[in-house]
Amino acid sequence: MTTTVSDFLVERLSQWGVTRIFGYPGDGINGVFGALRRAGKIEFIQCRHEEMAAFMASAHAKFTGELGVCIATSGPGASHLLTGLYDARMDHMPVLAIVGQQARTALGGHYQQELDLVSMFKDVAGAFVQQASAPAQVRHLLDRAARTALGERRVTALILPNDLQELPYEAPARAHGTLHSGVGYQRPSMVPRGEELERAAQILNSGERVAILVGAGALQASRQVAAVANTLGAGVAKALLGKAVLADELPWVTGSIGLLGTEPSLKLMNECDTLLMIGSGFPYAEFLPEEGKARGVQIDIAPDMLGLRYPMEVNLQGDAADTLDALLPLLVHKEKRTWRERIEGWRKRWDDKLEKRALTPASPINPQRVVHELSPRLPDQAIITSDSGSCANWFARDLQIRPGMQCSLSGGLASMGAAVPYAIAAKFAHPERSVIALVGDGAMQMNNLAELITVAKYWRQWTNGRWICAVFNNQDLNQVTWEQRVMEGDPKFVASQEIPDVPYHLFAISIGLKGIYVEREEDVGPAWEQALASDVPVVIDFRTDPDVPPLPPHISLEQAKKFASALLQDPDRGGIIKQTARQLLSNVLPGSKD
């Protein structure tokens, strides 16, 4: 049988270590799908929508460190990929998009489904996007796309006209004007020069109140981060993408930072005299130390991220783990632990406050309690995903990560709709582990409900069926509603914020999954236990109270004024006043724990 361009492509992908591709078929990419069937080497996961396929490719890269690959047909199939690809781009994930195109002879003729795909992908896949025009060209295009994605941790795209896919493959000739590429990439050890490490150590050693901020770039450096923190007597705050760097059981880990962050993280940043930032692109300057109040050292593998968020004295380009290993022998162990003790005191008081807030009654269910009850019940090695929206607040604050767990969400893009496809990709990558998605009802209605069908299609192939989708069902686009109140001083705009009530648990049951409905707070814990014991994937429909405020770690006077102004006209003001008072006064309410 003649080896076609598509046959070669699939074989070459396999040589690059690709074992799974997420996507949706169409006539613009039929040649490659035929080759996937013939080869039988790469598993194809059929999603309900190409956007979800790109999210899954991004999540595959996040949870494995491997190249994520998604595939789509020409025209609308290709354009549907963009949101998920932007998620990968903004979170620095290696993802390759393979898309079809109309026949080469038709290009430029305003043909059906003919889009200028090179131009369309130029931003999201700007590191490398090319359209193949000859069989002998495909080899070096694929090799360069894969190596660029892995080496630069970027999105790349390869566009294949449909007539080219079916042509006999031709190896590049030994002639002028040809390229002879090869397979393989190994990430180098990247460590800054010795003199720069010594400068960084001098700053960190001289600091009396050292704060560390970690992000996704430190996920493979947990041991080193802990060793540096213990040597310096530092506290560690975590950007959302770095939530799994260190376990929350450590008393000097202050939790998340930012609008969704914790009070001890805010205090850590406000009162430190030295900041060490590791693998984080956390963007909000108002939650970092005030400029000039702290000396700074940053470690990042990407040079364009260095010195971008805070004016650092020393910028170290390098791999987080390797750089910290080289830095650690230069650091002096701080005997005085007054700063560390203060941090641990902040953390303890915050834990007490967080528990009281979670257990404060609401109508019908306090959404904080949903995650508060989940945390102690999480199995070892669990993987947790979260959507954007108000559920991300509870993921950030109430979810306590233990060693060996993984978790993620759409970070830089903060897109709705990522939690369920992330959880699906996580389960395919680690079928033996329990996977839990925390999702708002807005995201479920936008696109995640359909992807439950993907779960129903594939779950019997997994090692076990322990896959759970927890829906925060409050019939409100809650995060934006609260942003309107606090940031804009506007009351809830019912026409834009209120969404239909959908029985998510019944939909799950209708497609062969397990559905659980919870509308009483005392049933939250038992519902989690029932779901975590199930051998069939579960959707839990939690009826949560939209009036529970996602209180930031600090409320400015301007925000308080706008909130008060909005309340005067808000249709839900009665419930808001009650729940806000309960949250703010949870420490002194009757029946609260000391």
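Definitions and cut-offs
Residues numbered from 1 in each chain as written. Predicted model: local features only at pLDDT ≥ 70, side-chain atom pairs only at ≥ 80, totals over all residues. Heavy atoms only, no water. Helix = DSSP H or I, 4+ residues; strand = E, 2+ residues; numbered from the N terminus. Rg over C-alpha atoms; globule rule 2.2 N^0.38 Å. Buried < 20%, exposed > 50% of the residue type's maximum accessible area, 1.4 Å probe, protein only. Contact = heavy atoms within 4.5 Å. Areas by Shrake-Rupley, 256 points an atom, 1.4 Å probe, with all protein chains shown as cover. Pairing = 2+ DSSP bridges. Right-handed = clockwise from strand over helix to strand, strands pointing away. Axes fitted to C-alpha atoms, helices over the stretch in contact; angles between N-to-C directions. Salt bridge = Lys/Arg side-chain N within 4 Å of Asp/Glu carboxyl O. Core = buried A, V, L, I, M, F, W, Y, C linked by side-chain atoms within 4.5 Å. Phe/Tyr/Trp six-rings, centres within 6.5 Å; stacked < 30°, edge-to-face > 60°. Lys NZ or Arg CZ within 6 Å of the ring centre and 35° of its normal. Expected span 1.5 Å × (residues − 1). pLDDT = per-residue confidence, 0-100. Parallel < 35°, antiparallel > 145°, perpendicular 65-115°, else oblique. Nonpolar A, V, L, I, M, F, W, Y, C, P; charged D, E, K, R; others polar. Left-handed = near helix turned anticlockwise from the far one by under 90°.

> I tried to follow the overall build of the chain on my own but got confused; where do I start?
Along the backbone of the chain there are 23 helices and 18 strands. On C-alpha atoms alone, the chain measures out to a radius of gyration of 25 Å, which is about the 25 Å that the 2.2 N^0.38 rule sets for 594 residues. Each principal axis of the C-alpha atoms in the chain carries an extent, and together these give about 80 × 65 × 45 Å. Expressed as a percentage of the 594 residues in the chain, the buried residues total 57%. Considering only contacts within the chain whose residues lie at least 6 apart along the sequence, 74% involve residues at least 24 apart. Total accessible area on the chain stands at roughly 23,300 Å², and carbon and sulfur atoms take up 52% of it.

> Explain the pairing of strand β17 (residues 514–518) here, please?
Where a strand is regular, its side chains alternate between the two sheet faces. In terms of strand pairing, β17 meets strand β18 (residues 538–543) through five bridges, oriented parallel. The residue bridging glycine 515 from the neighbouring strand is valine 539, located in β18. After leaving β17, the chain enters helix α21 (residues 524–532) and then returns to the sheet as β18, a path that is right-handed.

> Whenever I open this one, the sheet that holds strand β7 (residues 210–214) confuses me. Can you help?
Remark on secondary structure: sheet strands pair via backbone hydrogen bonds, oriented parallel or antiparallel. Pairing within the open sheet is parallel, and its six strands lie in the order β9-β8-β7-β10-β11-β12. With one partner strand each, in any of the chains shown, β9 (253–256) and β12 (314–317) form the two edges of the open sheet. Strand-to-strand, the axes of this sheet are offset by a mean angle of 15°, without reference to chain direction. The strands touched by helix α12 (residues 320–327) are β10 (274–278), β11 (295–300) and β12; relative to β11, the strand with the most contacts, the crossing angle is about 130°.

> Any chance you could explain the environment of glutamine 186 here in plain terms?
Of note, glutamine 186 is situated in the loop between α8 (162–165) and α9 (194–206). Along the backbone, glutamine 186 and cysteine 407 are 221 residues apart, and their C-alpha atoms lie at a distance of 25 Å.

> Explain the pattern of salt bridges here, please?
Two side chains of opposite charge can pair, provided their charged atoms sit close to one another. The final tally for this structure, using the stated rule, is 30 salt bridges. Between aspartate 163 and arginine 104 there is a salt bridge whose closest N-O contact spans 3.1 Å. Pair noted here: aspartate 163 is in helix α8 and arginine 104 is in the loop between β4 (95–101) and α6 (117–121), with a separation of 59 residues, a long-range link. Judged by relative accessible area, aspartate 163 falls into the partly exposed class, the value being 23%. Exposure remark for arginine 104: the relative accessible area of 31% places this residue in the partly exposed category. As a salt-bridge pair, arginine 377 and glutamate 373 come within 2.9 Å of each other at their nearest N and O atoms.

> I keep staring at unusual backbone geometry and nothing clicks. Help me out?
A cis geometry characterises the amide bond from serine 363 onward to proline 364, with omega recorded as 0°. Assignment of secondary structure puts proline 364 in the loop between α13 (338–358) and α14 (367–374). Positive phi, normally seen in glycine, also occurs at glutamine 113, with a value near 60°. With respect to the secondary-structure elements, glutamine 113 resides in the loop between β4 and α6.

> Is there a simple way to explain the nonpolar core in this structure?
Note that soluble globular proteins tend to have their nonpolar side chains buried in a common cluster. Cys70, Leu85, Phe121, Met444, Trp467 and Cys469 are the most contacted members of the largest nonpolar core, which has 61 residues in total. Ignoring any residue separated from it by four or fewer positions in sequence, one finds leucine 85 in contact with Ala54, Cys70, Val95, Ala97, Phe121, Val124 and Val155. With 52 residues, the next largest nonpolar core counts Ala218, Val236, Val245 and Ile257 among its residues.

> Any chance you could explain the sheet that holds strand β1 (residues 20–23) here in plain terms?
Pairing is parallel in the open sheet, where six strands are placed in the order β2-β1-β3-β4-β6-β5. The open sheet is flanked by β2 (43–46) and β5 (128–131), the only strands paired with a single partner. Going across the sheet, the axis of each strand differs from the next one's by a mean of 20°, ignoring polarity. Where β4 and strand β6 (residues 155–161) come together, seven bridges link them in parallel fashion. What sits directly across from valine 95, in β6, is valine 155. Seen against the sheet, helix α3 (residues 50–64) touches β1, β3 (68–72) and β4 and runs at an angle of roughly 165° to β3.

> Mind showing me how you'd approach the packing of aromatic side chains here?
Any pair of aromatic rings gets described here by the distance separating the centres and the angle formed by the planes. For the coordinates displayed, the defined rule picks out eight aromatic pairs. Residues phenylalanine 428 and tryptophan 462 carry aromatic rings whose centres are separated by 5.6 Å and whose planes lie at 85° to one another, so their mutual orientation is edge-to-face. In this pair, phenylalanine 428 is assigned in helix α16 (residues 419–429) and tryptophan 462 in the loop between α17 (441–458) and β16 (467–473), connecting sequence segments 34 residues apart. The class of phenylalanine 428 is buried, set by a relative accessible area of 5%. Three or more aromatic residues link up through ring pairs in this structure, and these residues are Phe428, Tyr458 and Trp462. A cation sits over an aromatic face here: lysine 243 above phenylalanine 395, 5.6 Å from the ring centre. One cation-aromatic arrangement involves arginine 485 over tryptophan 482; the distance from NZ or CZ to the ring centre is 4.6 Å.

> Before we go on, may I ask you to explain helix α7 (residues 138–152) in this structure?
Side chains three or four residues apart in an α-helix point the same way, a direct result of the helix having 3.6 residues per turn. Helix length check: α7, at 15 residues, gives a terminal C-alpha distance of 21 Å against a target of 21 Å (1.5 Å per residue), a fit within 8%. Those residues of α7 lying buried are Val138, Arg139, His140, Leu141, Leu142, Asp143, Ala145, Ala146, Thr148, Ala149 and Leu150. Against α1 (5–15), β4, β5, β6 and α8 lie the buried residues of α7. Where α7 ends, the next residue or the one after it, arginine 153, has phi of about 50°, a positive value.

> What's the story with the confidence of the model for the chain in this structure? I'm lost.
The predicted structure's coordinates, where accompanied by low pLDDT, should not be read in detail. For the chain, per-residue confidence averages 94 on the pLDDT scale, and 96% of positions sit at 70 or higher. Below pLDDT 50 for its whole length, residues 588–594 participates in eight contacts with residues either more than four positions away or in separate chains.

> Can you help me understand the packing of α13 against α14 in this one?
When two helices pack together, their arrangement is given by the angle between their axes and by how far apart the axes lie. Direction vectors running N to C along α13 and α14 enclose 120°, while the axes themselves pass 8 Å from each other. On the basis of the axis angle, α13 is oblique to α14. Mapping the contact onto sequence places Glu355, Arg357 and Ala358 in α13 and Gln368, Arg369 and His372 in α14. When its residues are assigned to classes, the contact of α13 with α14 shows one nonpolar, two polar and three charged.

> Explain α16 to me, please; I cannot follow it from the model alone.
Burial analysis of α16 places 10 of its 11 residues in the buried class, the great majority of the element. Residues of α16 that are buried: Ala419, Val420, Pro421, Tyr422, Ala423, Ile424, Ala425, Ala426, Lys427 and Phe428.

> Would you mind going over the packing of α3 against helix α5 (residues 82–90) with me for this structure?
As a packed pair, α3 and α5 sit with axes 6 Å apart at the nearest point and diverge in direction by 20°. Between α3 and α5, the angle falls in the class roughly parallel. The handedness of the crossing between α3 and α5 comes out as right-handed. Contacts between α3 and α5 involve Glu51, Ala54, Phe55 and Ser58 on the former and, on the latter, Thr83, Gly84, Leu85, Asp87 and Ala88. The residue inventory of the contact of α3 with α5, partitioned by class, reads four nonpolar, three polar and two charged.

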